[in-house]
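Breakdown of the fold
These are the residues of each chain, in order.
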Amino acid sequence: MKNFMLGAKRGVVLLLAVLSVGFTSQAQAPRVVIKGTVTEFKTGKPLASASVTEVNSSDRQVNGVMTDEEGNFTLRIADTKNKLRIAYIGYESKVVEIGTRTSFSIMIEPDKGGNTDQVIVLAYNKKNTVSTGFTEINKRDLSSAVSTIKGEVFAEQPATSIDQMIQGRAAGVQVVSSSGDPGAGIDIRIRGASSIGSGNDPLFVIDGIPIISTPFDGNSTQTGTARINPLADINPLDIERIDILKDGSGAAIYGSRAANGVVIVTTKRGRKAVTNITFNSSLGFQEAPAAIPVLNAAEYKVMRLEAMQNAGTLNPYRDETRAMLNDPAYFSYQYYQSDTKWNDLIRRTAITQNYSLSLSGGGESVKYNFGTSYTDNMGSSIGTGFQRATSRFNLDYKVSNRLSFSANIPFTRSKNQGLANTSSGGTVYYTSLIKAPSMPVYDVDLTTGKQLQDYMSLGGIQNNLDNPVAWANSVTNYTVSYNLQPNIAVRYDVGRGLNFENTTSLNYLGENGYYYAPAIATGLIWNDGGFNRVQTRDFERTQVVINNFLKYNRTFNKLRVSGLLANTIQTFKQFQLQEGGYANPSSEIQTLNGPSRIAYINTNTSFENSVSYVAQGNAYYNDKYGVSLTVRRDGSSKFGGAKKYATFPGVSGFWRILKEPFMDKLKFVNELKLKGSWGQTGNSGGIGAYTYISQFNAGTNYLGYTGISQSNAELNNLQWEVVEQANIGLEATFFDNRFGFDIDIYKKETKKLIYNQALPSSSGISNITNNLGNIKNQGIELDLQATILRPKTRNGLGWDMSFNIAHSVNLVTELPGGTLTFSSRGYGAFVNQVKQGDALGTYYGLKFLGVYATDDDAVVKDAKGNKVFEANGFTPKYMRINSATGNAFKGGDAIYQDFNNDGVIDDQDRILIGNANPLFFGGLRSNMTYKSFSLTLFCNFQYGNDIINGMRYNLEKMYSPTASSFPANTNQAASVLRRWRKQGDITDMPRALDLDDRNSIASSRWIEDGSYARLSQITFGYALPTKLAQNLRLKGISAQLMINNLFTWTNYTGADPEISISGSPSSIGIDEGQNPRTRGFTFAMTVRF
Amino acid sequence: MNSLAYKRFLTTLGVTLLLGFGFSGCKKFLDQKPENAITREEFFRTKDDATAAMIGCYDALQSGAGGVAFVTQALNWGEVRADLVNFAATNTLYMQNLDKTQSYCNWAPFYNVIGRANLVIEFVPRIPGLDNNFSVDDSKKIIAEAKFLRALSYFYLVRTFKEVPLVLQAPSSDDVKYFIPKSSADSVLNKIEADLADADASIPVSYGTSVETRGRATKAAVNALQADVYLWRAKYQLAADAAQKVLANNTLYKLVPGADWLTIFSQKNSSESIFEVQFDNGINETNGLRGAIGTTNSVLINYLTGESDLMRGLYNTYAQGNNSWKYSGLTNNSTAISRTGNDPNFIVYRLPDIMLMKAEALVHLGNGEPKKEAVKWLDTVRTRVNLTPYDINRGGFLDGNSSSALMMEIIMKERAMELAHEGKRWYDLMRVATNDSMPGFLVDRVVLSRSVGDRQLIKSRIIDPRSWYLPIAQSELQANNQLVQNPFYR
């Protein structure tokens, strides 16, 4: 750290040095200020964002400014002998003498297809640039694959989080939130999962600074507690645009952090104009999620009795049996006489509110954009909610023509209330579905059956299964986070095309978590050590990033070159403190001051430093050819010795075919550009800060002495996972830019996968992190835009549509040893494995063919269909499970395909039965405007992926492993009413059967097609005509009504086909019973003063 | 901009970049050290580090790896397949119905000890150069302890699996070869002998406290293991010599009076104890030995009843509930448990074991004096618990010319009565059956101990001596493509 402080001091010295240079030049500032407007020739339409530059006699730019929304500009000029050049994309540029005039009215004409070079060079139109984080580049010059989502798209959608804004908008970018809870985590996959163990989350860059975007990844002993998702800290209304760097060349500028792509967020900045005040408020309602119908108490009891009978455990002396029989002599009889609809009691219609106020404006030298917002989203499950207060202050200060500063100071406080998993192990949502409906919500008097005041919190026949209603209402579980991301940038125009820029930024993210489970929720009594429990945690992450850039930009006749040299220093500190205690004397004391037993206290600190050097060079010739080269060299404290540094190169180029003479005849083509790129990026997300260092820990004691033993081996060979990606794309627009498409084909290969490989136990250690194997993602992405109706007048009918679709194929191409097997995620023990030649996310299991109607049907048949007999020649040989001596299948049991015809259903009959990767996915947007009205539809879709319906597994398996172990005596879905019950029943639902899981083992029975198309948003908007607004002394007022998730077309039988893709890529696409997304409507209003 | 300002800027920039690059290039910036752990560079520097690392090795005997405890596994391997315990027919190890998926095949706890011992053996020798208070001789003592533990672990492995990977390199970095094929039983046993010879040369006779002397490797522990290894390899003279080294130290190792026989187990670290894996409920060190091996088989009950062995069993039920009487904390003849903590020690060697090992070696060394001495050691064990001597001169029927077969029969019976449920019996049966070329010695005894209905099945499963070794666990075969399954299970 000492070195770092020293470095910071040097930075200050530098800053002062740069400042002094800047002030010197300010002294020479000119005094003449000119004003003017730029309008379109003939129509007189004001042109916003046109470039107005002062050029000297040697045709060099001296000063420049852009017109505001009304086409006005103000420019302080250096010399009245110079000329003004006005440029606007798609228009002929125009040069005007200045002379003694101070007021200009300039009209320019649309380009007639002539030489637009100059326009391209000079036009600086925000709408046509793409941010790469480090720099901005004109979209015309782009040669790598970048998807852009523009601010106006956000305006039509009152979203409260960034994931809702990205989902379905960019081809090849898969966005799934982990549940329907407000503030829930988001998973973003750009061009498929490319890593097994290093994470698949893209890098997020806001205003040039990489931010902490993932949930805390330290070790947590508090698994069920509410988590913070830092991406939810961004107020969408602050966002100007989002650019997503998808390919290797584009992302190479971020080198070792960019393997999963880069999402670049640009926030709104002030513009030179009078102050704009915008107030935005919205109020919404989210429906309670649709219930999965479950058995009522009577049906439940019959089903349970059948399960026992079929297992031979029906015994009138067992509590489990007696609870299902209506025998008032049973002493707990009154506990089992209710008919509770548990699931209904934990759901509600939720209200969401959002208020946002922004001020923006600026003058010649200062521009500002200040925004603040407050969001309060209830969750549609009782006990969930999300509150957020954000503020952002973006300031640009132009000290002189050469020196400028900008500062961005965002601050967010979020509070995320989640439902802690019940102590019996499931989500509250899941527990509410399986809790016995015969049990009451509130305790009852055992003799009279009268309802008492307290929650019924004993598990009863369901052992430790908690009361979900008590849990949802009485457990406190929230996390408050403080996210501060200030950064300051200094820019200095050295002249001769050279610019220097320094950005210094801090990202502080603190989380305070609190969890309290009272005895009424845990169901334990005072003499149990864990009868109530309190947990708190403090997580802190601090990141400092210092960037130095040197940018160069010159034009030599038809050749334009630009370059970038950068140096980035980054430090990252992670701290955690976790405490937990049990047994407070009273539920009135809910802090750690009370508990009689402190269960654990632990802290953990880690530092991670990195240094990077970036060089980028671009050359463009005649707007026809362009080439870009990027090299980034990264050094990281995460790696040891010779592996500390790695180099990540990227190269790309374009050829604007449109500029070829043979294209001249095809006048209807407005753009035709072929681009290609190749690049390498790195990933080290899966490893901790000190993984490579051999570490020893105390705690291995003997004879009362403290022993120390090795916790991990030294990793001399561990290095970055490398993603190598090649991309070829074609951009085209036709018919007066009314139709256009972007198509990209890519091949993305992950090499040297970082994986914590299990070692043979003979090695004496269990795992070693190393680089092994390759994964390949290949795909094609298509973006289409069409302006179907272009309004002829301001009040005319306009209709434009955009559509994107992506197809990708994932393949594990190389894996030493062929297969990596992971511990089973349950649901009948699906084999979670990554296998060479498979995609990440494939499932293996048995093939389910139906249900044996009779015992006789379960007899083994030979190839000719004749019955097979045992060795004695007359006993029929039945199909058996696991081994030749395993349990025999009977009527009502699942039929599995016996691939090897050995009469035994075992591992050898497991085949590949599912793949979680969609064949294609994308989105469709339609926007119609007429007069002051607008209607926007947005639909996202996914096709061809499989889901393990874990919820259905849990709700249809009708099996308890033993009477006592969880999940015992669970309620099941109403669909089990069609179960097999007697010989000859023909159904697809096996019989209820305790103690034997033969009918519920991993098989195609649980796999479903996860394809869906969702009308995720309909927005109906109205903006008061300007004149009327002005009568109200307002600049504008508009209102929107948005309906989200109105329809979902899917064959998936679970609550929501949008399944989290987080976690190990070997086990993606499992429906684990998270709260589903719900239908809701929101009314929003925006007032501009 | 005038060119002066331009030049000034460039100079400033140049200096800045140099500074910046110099700063960022600073090596320390990218060399971060963990705050919550000791790095290997910081460890293995002092005398205390050497001791702490060694304590870590012993801890591996207490704990385990791969979800299995060392002592439980050792006890299961040595006892459950033999004839002195009783299990339900659902116990696959008891039913000799073995396959590679069972946790009985998990050898991880033994290699965990070996791995930690290998680290000590590799890194402790560098400490004398760094710490003046730690001489080369001091380092040899620590290394001797590590070699003892490595030898002990390999001895369990070689007796249980026959051929196993012989891992001698510390698991210290990713440059180490981790996928190691099996070595022959002979080369493993040779390495065990060599390790023990090294250990014998440097290991202390005793430690500061008596608990340490019973709980850490000592010269007697090394010699006891040597005797056991030599006996296993039918090197009878060497075995007798090694056992004699232990027996010679009669000041440190004395038999506990017969009346206190149960205190050997309940009070732990008795005067006859040579090496015990220590547990202490007081510091949360407990184990599952109490319930690991079920109740007592009628074979053993018949031995004890037939001999009217009042000290070692007859007063008791041989079990407390389903717990073996040696691990349940019984201190006297009542059925009341006086030691409630679930922390019995696992006794690896105690004096009667050595006496009977010596007797066994002597029987194989010929008629006359050797056999006479064998009878002497046999009777020492018996008379301690008030049983009648075998010596013809003391009213018995054995002398220097008695048949070897008869004497082996008697020694094995005595071992059963003395050492039952201590994880010895299966290896005893295997050793005699193999070295004396009479497979029936194992097969018949095991078969007879099982219920009548199961005998045919049990016999079919163990008639092939290759089946006496366990299969290599499936997880291990998956993780290490160099391994080949043991012959019986291919």
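Residues numbered from 1 in each chain as written. Chains lettered and ligands numbered in written order. Predicted model: local features only at pLDDT ≥ 70, side-chain atom pairs only at ≥ 80, totals over all residues. Heavy atoms only, no water.

**Some words on a nonpolar patch on the surface**
As a reminder, the rule being used: Every patch collects residues that have over 30% relative accessible area and no salt bridge, joining them within 9 Å if they carry like charges and within 5 Å if they are nonpolar side chains (Val, Leu, Ile, Met, Phe, Trp, Tyr). Values of accessible area rely on a 1.4 Å probe in the Shrake-Rupley scheme; residue burial ignores everything except the protein chains shown. Note on definitions: salt bridges are taken to be side-chain nitrogens of Lys or Arg within 4 Å of carboxyl oxygens of Asp or Glu. We count a stretch as a helix when DSSP gives it H or I for four or more residues in a row; a strand needs E for two or more, and each element gets its number in order from the N terminus.
On the surface, Y552(A), F556(A), L559(A), Y621(A), Y625(A), W655(A), F662(A), L674(A), I728(A), I745(A) and I780(A) cluster together into a nonpolar patch covering about 970 Å² of accessible area. If you trace the backbone, F662(A) turns up in the loop between strand 31 (645–656) and strand 32 (669–683).

**Let's talk about the packing of aromatic side chains**
The cut-off we apply is this: Ring pairs shown here join Phe, Tyr and Trp side chains whose ring centres sit within 6.5 Å, with only the six-membered ring taken for Trp; geometry is labelled stacked below 30 degrees between planes, edge-to-face above 60, and tilted in between. Only protein chains enter the accessibility calculation, which uses a 1.4 Å probe. A residue is then buried if its area is under 20% of the maximum for its type, exposed if over 50%, and partly exposed in between. The rule is short: NZ of Lys or CZ of Arg within 6 Å of the ring centre and within 35 degrees of the ring normal puts a charge over the ring.
Under the defined criterion, the tally for this structure stands at 46 aromatic pairs over all chains. Aromatic pair Y478(A) and Y514(A): ring centres 5.7 Å apart, planes at 40°, arrangement tilted. Here Y478(A), found in strand 24 (residues 476–484), pairs with Y514(A), found in strand 26 (residues 498–517); they are 36 residues apart in sequence, far enough to count as distant. Under the relative-accessibility criterion, Y478(A) is labelled partly exposed at 23%. Here Y514(A) falls in the buried class, since its relative accessible area comes to 16%. With a centroid separation of 5.8 Å and an interplanar angle of 55°, the aromatic rings of F87(B) and Y94(B) are classed as tilted. Given the relative accessible area of 3%, Y94(B) is considered buried. These aromatic residues form a ring-pair network of at least three members: F70(B), W77(B), W107(B), F110(B), Y111(B), Y154(B), F155(B), Y156(B), F161(B), W232(B) and Y427(B). Here the basic side chain of R998(A) rests over the ring of F889(A), its NZ or CZ set 5.9 Å away from the ring centre. The ring of Y1012(A) has R1014(A) sitting right over it, with the charged end atom 5.7 Å from the ring centre.

**Topic: the interface of chain A and chain B**
Under the convention used in this document: Should any heavy atoms of two residues lie within 4.5 Å, those residues are considered in contact. Defined in terms of a 1.4 Å probe, buried area is the accessible area two parts forfeit on being brought together, summed over both. Under the rule applied, a polar contact is a pair of N or O atoms within 3.5 Å (in protein, one hydrogen donor and one hydrogen acceptor; residues adjacent in sequence only if both atoms are side-chain atoms). Residues are grouped as follows: nonpolar covers Ala, Val, Leu, Ile, Met, Phe, Trp, Tyr, Cys and Pro; charged covers Asp, Glu, Lys and Arg; every other residue, Gly included, is treated as polar. Pairing between strands is defined by DSSP: at least two bridges between the two strands are required.
Tallying the contact residues gives 69 residues for chain A and 67 residues for chain B. Of the roughly 5,900 Å² buried between chain A and chain B on both sides combined, carbon and sulfur atoms contribute 63%. Viewed at the interface, chain B and chain A are joined by two salt bridges. Between R40(B) and E714(A) there is a salt bridge, with its nearest N and O atoms 3.0 Å apart. Seen at the junction of chain A and chain B, the total is 23 residue pairs in polar contact (both at pLDDT 80 or more). Here the side of chain A that touches chain B takes nine residues from helix 1 (residues 2–26) of chain A, the largest share from any one element. Of the residues assigned to the side of chain A that touches chain B, the class counts are 30 nonpolar, 34 polar and five charged. Across two bridges, strand 33 (residues 695–698) of chain A lies against strand 1 (residues 38–39) of chain B in antiparallel orientation.

**Examining the pattern of salt bridges**
Scanning the model with the defined rule gives 82 salt bridges over all chains in all. With its nearest N and O atoms 3.1 Å apart, the salt bridge here joins R790(A) to D736(A). One end of the pair, R790(A), is in the loop between strand 39 (774–789) and strand 40 (797–814); the other, D736(A), is in the loop between strand 35 (721–734) and strand 36 (739–751), and 54 residues separate them in sequence. Among the residues examined, R790(A) registers a relative accessible area of 36% and is labelled partly exposed. For R952(A), the salt bridge goes to E1008(A), with nearest N and O atoms at 2.6 Å. Here R952(A), found in helix 11 (residues 950–956), pairs with E1008(A), found in strand 52 (residues 1007–1009); they are 56 residues apart in sequence, far enough to count as distant. Salt bridges sharing partners connect three or more residues here, namely E272(B), E307(B), D309(B), R312(B), K326(B), R350(B), R382(B), R384(B), K413(B), E414(B), E418(B) and E422(B).

**As for helix 3 (residues 70–79) of chain B**
Counting buried residues along helix 3 of chain B, ten of its ten residues qualify, which places the element largely inside the surrounding structure. Turning to helix 3 of chain B, its buried residues are F70(B), V71(B), T72(B), Q73(B), A74(B), L75(B), N76(B), W77(B), G78(B) and E79(B).

**Focus on the sheet that holds strand 13 (residues 203–206) of chain A**
Residue and element names in this part refer to chain A. Taken in spatial order, the five strands line up as 10-15-16-13-14 in an open sheet, and their pairing is mixed. Each having just a single partner strand, strand 10 (146–150) and strand 14 (209–210) make up the two edges of the open sheet. As paired elements, strand 10 and strand 15 (residues 239–245) share five bridges and run antiparallel to each other. Directly across from T148, in strand 15, lies its bridge partner D243.

**Some remarks on the confidence of the model for chain A**
Residues and elements named next belong to chain A. Definition in use: On a range of 0 to 100, pLDDT expresses the predictor's confidence in each residue.
On average, chain A scores 83 in pLDDT, and the residues at 70 or more come to 90%. Highest mean pLDDT in chain A belongs to strand 44 (residues 848–851) (94); lowest belongs to helix 2 (residues 117–122) (32). Predicted confidence for residues 1–30 stays below pLDDT 50, and this span has 41 contacts to residues more than four positions away or in other chains. Segment residues 113–126: pLDDT under 50, and 41 contacts once partners within four positions in sequence are set aside and those in other chains are kept.

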